[in-house]
Each structure stands twice: as C-alpha cells, then as structure tokens.
Amino acid sequence: QVQLVESGGGLVQPGGSLRLSCAASGFIFSTAAMGWYRQVPGKQREFVASIRSGGSTTYADSVKGRFTISRDNAKNTVYLQMASLKLVDTAVYYCNAVGPSWNSWGQGTQVTVSS
C-alpha cells in the first residue's frame, strides 16, 4: 500500500532553514504528483508546494521565493527546502501523493519557528 513518511521537522529560529523529506513507497513514485501541505490547530490544511512527475512546480504565494520543492526519483523521496522561516510558518507539514485514482497523506512532521 501507499506509504509516505515525513522527517526533518523541528524547532528553528526566525530566519532559519529546514529541509523536510518524504520517503515514499508502495507506488511508482516517478509517475506521481507530490506535494506539501501544512496545518495549524483550528485551521484548514493549506497547500504549500507541489511538483509534477515532469518536474514542474507550483507554490503558495506565502512561500514563493523562500521554499523549494524537489524530488529524487531514484530515492523515491520528495523534499521541501525551507529558508527565511517566519513565525507564521509554524505548522504540521504533510506530504501528499496523487495517483491516477488515489490520494494519500503522510502522518505529518511538526515545524516550529520560534525565538
């Protein structure tokens, strides 16, 4: 079955950087669109970034120029490089994979931006 395992979250100061990873298994990774979403308590999960199988990327306006999504098809892994982190970036970050007839989520990794 599809499995997505996020890692790399943690505590970082404002202006700092983190790199999230999502290790995927159970499907043909190279053909799937991959994405990152985030959620804070009491709010809906929101889109952060996505990358298609061909490598094209899309970003939320709030993270453009600061976050970079990438994928390594040889390692079945998608990354989210986050720079210039702000307090408002604090959230649980979820990895998402979309196939022809399915949509799957990881368990999430906490990112806390605090001084």
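Residues numbered from 1 in each chain as written. Predicted model: local features only at pLDDT ≥ 70, side-chain atom pairs only at ≥ 80, totals over all residues. Heavy atoms only, no water.

Undergrad: Mind showing me how you'd approach the pattern of salt bridges here?
TA: Opposite charge on two side chains permits pairing when their charged atoms draw close. For the structure on display, the rule yields four salt bridges. Arg-38 is the salt-bridge partner of Glu-46, the closest N and O atoms lying 2.6 Å from each other. Classification of Glu-46 as partly exposed rests on a relative accessible area of 37%. When the shortest N-O distance is used, the salt bridge between Asp-89 and Arg-66 registers 2.7 Å. (Salt bridge = Lys/Arg side-chain N within 4 Å of Asp/Glu carboxyl O. Buried < 20%, exposed > 50% of the residue type's maximum accessible area, 1.4 Å probe, protein only.)

Undergrad: Hey, could you run me through the state of the cysteines in this one?
TA: A covalent bond between the sulfur atoms of two cysteines is referred to as a disulfide. Evaluation of the coordinates by the stated rule reveals one disulfide. Sulfur-sulfur distance for the disulfide between Cys-22 and Cys-95 comes to 2.1 Å. Sign of the S-S torsion, about -80° for the bond between Cys-22 and Cys-95, identifies this disulfide as left-handed. Taken together, the positions of Cys-22 in strand β3 (residues 18-25) and Cys-95 in strand β9 (residues 91-98) put the pair 73 residues apart, joining distant regions of the chain. (Disulfide = S-S within 2.5 Å. Helix = DSSP H or I, 4+ residues; strand = E, 2+ residues; numbered from the N terminus.)

Undergrad: What's the story with the packing of aromatic side chains in this structure? I'm lost.
TA: Given two aromatic rings, their pairing is described by the distance between the two centres and the angle made by the two planes. With the rule as written, the count across this model stands at four aromatic pairs. Centroid distance Phe-27 to Trp-102: 5.0 Å. Interplanar angle 65°. Geometry classified as edge-to-face. Within this pair, whereas Phe-27 is found in the loop between β3 and β4 (33-39), its partner Trp-102 is found in the loop between β9 and β10 (103-105), the two being separated by 75 residues in sequence. Between the aromatic rings of Tyr-37 and Phe-47, the centroid separation amounts to 5.6 Å while the plane-to-plane angle is 75°, which identifies the pairing as edge-to-face. (Phe/Tyr/Trp six-rings, centres within 6.5 Å; stacked < 30°, edge-to-face > 60°.)

Undergrad: Please clarify how the sheet that holds strand β1 (residues 3-7) should be interpreted in this entry.
TA: Strands in a sheet are paired, the pairing made by backbone hydrogen bonds, and the direction either parallel or antiparallel. Ordered by their spatial adjacency, four strands build an open sheet running β1-β3-β8-β7, and the pairing between neighbours is antiparallel. Here the strands that pair on one side only, and so sit at the sheet edges, are β1 and β7 (67-72). Averaged over all adjacent pairs, the angle separating strand axes in this sheet is 15°, with direction ignored. As paired elements, β3 and strand β8 (residues 77-82) share six bridges and run antiparallel to each other. The residue of β8 that forms the bridge with Leu-18 is Met-82. (Pairing = 2+ DSSP bridges. Axes fitted to C-alpha atoms, helices over the stretch in contact; angles between N-to-C directions.)

Undergrad: Teacher, can you tell me more about the environment of Asn-103 here?
TA: With respect to the helices, strands and loops of the structure, Asn-103 is situated in strand β10. Along the primary structure Asn-103 and Met-34 are separated by 69 residues, whereas in three dimensions their C-alpha atoms are 9.9 Å apart. Ignoring anything within four residues of it in the chain, the contact list for Asn-103 reads Asn-96, Ala-97 and Val-98. A polar atom in the side chain of Asn-103 sits 2.5 Å from the side chain of Asn-96. (Contact = heavy atoms within 4.5 Å. Polar contact = N/O pair within 3.5 Å; in protein donor to acceptor, adjacent residues only side chain to side chain.)

Keep in mind these values describe shape, not function.
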